[in-house]
Amino acid sequence: MMKLLRYLLFPIVPIYYIVTWLRNKLYDWGIKKSTSYNFPVICVGNLSVGGTGKSPMIEYLIRLLKSEHDLATLSRGYKRQTEGFVIADETATASSIGDEPFQFHQKFDDIIVSVDGDRVHGISQLTALGKPPEIILLDDAFQHRKVKAGFNILLTAFDDLYTDDILLPTGNLREPRQGAKRADIIVVTKCPENLSEERKRQIENDINPLARQEVFFGRIVYSKSVRNNGDQLDLETLKSRPFTLVTGIANPKPLVAHLKSLGLDFDHLKFKDHHDFSENDIAGLKQKPLIVTTEKDMVRLQPHFKERGLLYYLPIEIRIDRQPEFDTLISNFVK
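Heads up: these notes are all about the structure in this document. No experiment lies behind these values; they were computed from the predicted model shown.

Considerations on the overall build of the protein
- In terms of regular secondary structure, the protein is built from eleven helices and 15 strands.
- Taken over C-alpha atoms, the radius of gyration comes to 20 Å for the protein, in line with the 20 Å a tight globule of 335 residues would show.
- Referenced to the eigenvectors of the C-alpha coordinate spread, the extents of the protein come out at roughly 60 × 50 × 40 Å.
- Considering the protein as a whole, with its 335 residues, one finds that 49% of them fall into the buried category.
- For the protein, the proportion of contacts with a sequence separation of at least 24, taken over those separated by at least 6, is 73%.
- For the protein, the distance from the average site of its 45 positive side-chain charges to the average site of its 44 negative ones is 4 Å.

Here it is in structure tokens:
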């Protein structure tokens, strides 16, 4: 029914195109104001709704830069129950700052994790700190044109390329495809491990990057074990244990395919992206003998599961082809 409804809404697509195209042009022409900065601001985003791997990319950049620079992440804090500018502290929760920022906060205690729906205001608050960050990483801000980031990383998923898509509400694009011209780097994420060089060339030809743009290909690397509070289980041991996979992410297909490729047998409970787990949901999940979930879902589920050995998450990282070249581009911009 949802697919049918989206097709029926196709007449709205041209209207959406005109509105988003005009908005971008007003920024391009300088009629709408963009604020630029004299320190490194790196934006990670996409053209489409849905999961393209923004969080793993932000975490990759954190690991790359944090040893030599004071970092801050700035996110909108989607579906948080607070307003305005918030810096994560020891009282932070997924409800107060959002799923992904709380995930960053839990994993990296040596950076500033902040949220603000108004990125310009958020940056001004960060720069006013007694010890302001040297670099700010903007999470999911490609369409936030009020900020003119110094470096833009655009992500597009291998199985849902923006070049093959159309605008909302029938397609998944937030803005016309020519918005990709604002990117400095385009990363095709969630690629299969055995992606051929010929297929890479085909995709790059479809993207048709500008002379100043670089195209990279990344894939998700899954841990060999699931974890929780210092405890871990090898995935191999799950072959003999029934478990339920719980996902509340935009696109769980790659994760499901990976687990099945390991010969694992499991039930899959699929919830919508950023799902708010109700009391009934939690009560039902607690009847399961073992639950495996994503790292993003873990931050919302864990407070409800005090029982040891019931709930685990599968860590992931992004791995990029031509990694030294990618790292050099980032490092050169920062310098």
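Once you've had a look at it, read on.
Here we look at the side chain of D99
- Tracing the sequence through the fold places D99 in helix α5 (residues 99-107).
- Given the relative accessible area of 4%, D99 is considered buried.
- A distance of 3.0 Å separates polar atoms of two side chains, one belonging to D99 and the other to H274.
- When residues no more than four places from it in sequence are discounted, the contact partners of D99 are A94, H274, K296, V299 and R300.

Some words on the layout of surface pockets
- Looking at the largest pocket, its volume works out to about 1,300 Å³.
- What lines the largest pocket is a set of 48 residues, and nearest its centre among them are G50, G51, A250, N251 and D273.
- For the lining of the largest pocket, the secondary-structure elements that each account for two or more residues are α3 (54-65), α5, β8 (214-222), α8 (253-261) and α10 (295-301).
- The biggest single contributor to the lining of the largest pocket is α3, with four residues.
- Its boundaries defined by the atoms lining it, the second largest pocket holds a volume of some 400 Å³.
- Every residue lining the second largest pocket is counted, 15 residues in all, and those nearest its centre are C191, E193, I220, Y222 and H258.
- Elements represented by at least two residues in the lining of the second largest pocket include exactly β8 and α8.

Describing the nonpolar core
- Grouped together as the largest cluster of nonpolar side chains are 33 residues, with contacts concentrated most on I42, M57, L61, I153, F326 and I330.
- The element contributing the most residues to this core is α3, with six residues.

With respect to the packing of aromatic side chains
- Per the stated rule, a full pass over the model turns up six aromatic pairs.
- Ring geometry for Y60 versus F326: centroids 5.7 Å apart, planes at 75°, classification edge-to-face. Highlighted residues: Y60 in helix α3 and F326 in helix α11 (residues 323-334), separated in sequence by 266 residues.
- A residue is classified by how much of its surface remains accessible, and F326, at 0% relative accessible area, is buried.
- A network of ring pairs unites the aromatic residues Y60, F216 and F326 as a single cluster.
- One Lys or Arg, K286, reaches over the ring of F305 and ends 5.7 Å from the middle of that ring.
- One residue, R322, lies across the ring of F216, its end atom 4.3 Å from the ring centre.

Calculation notes
Residues numbered from 1 in each chain as written. Predicted model: local features only at pLDDT ≥ 70, side-chain atom pairs only at ≥ 80, totals over all residues. Heavy atoms only, no water. Helix = DSSP H or I, 4+ residues; strand = E, 2+ residues; numbered from the N terminus. Rg over C-alpha atoms; globule rule 2.2 N^0.38 Å. Buried < 20%, exposed > 50% of the residue type's maximum accessible area, 1.4 Å probe, protein only. Contact = heavy atoms within 4.5 Å. Lys, Arg positive; Asp, Glu negative; His and termini not counted. Charge placed at Lys NZ, Arg CZ, Asp CG, Glu CD. Polar contact = N/O pair within 3.5 Å; in protein donor to acceptor, adjacent residues only side chain to side chain. 1 Å grid on protein atoms, 1.4 Å probe; cavity = no way out; pocket = protein on both sides within 12 Å on 5 of 7 lines; lining within 4 Å. Points joined across faces, edges and corners; volume = space filled by probe spheres on them. Core = buried A, V, L, I, M, F, W, Y, C linked by side-chain atoms within 4.5 Å. Phe/Tyr/Trp six-rings, centres within 6.5 Å; stacked < 30°, edge-to-face > 60°. Lys NZ or Arg CZ within 6 Å of the ring centre and 35° of its normal.

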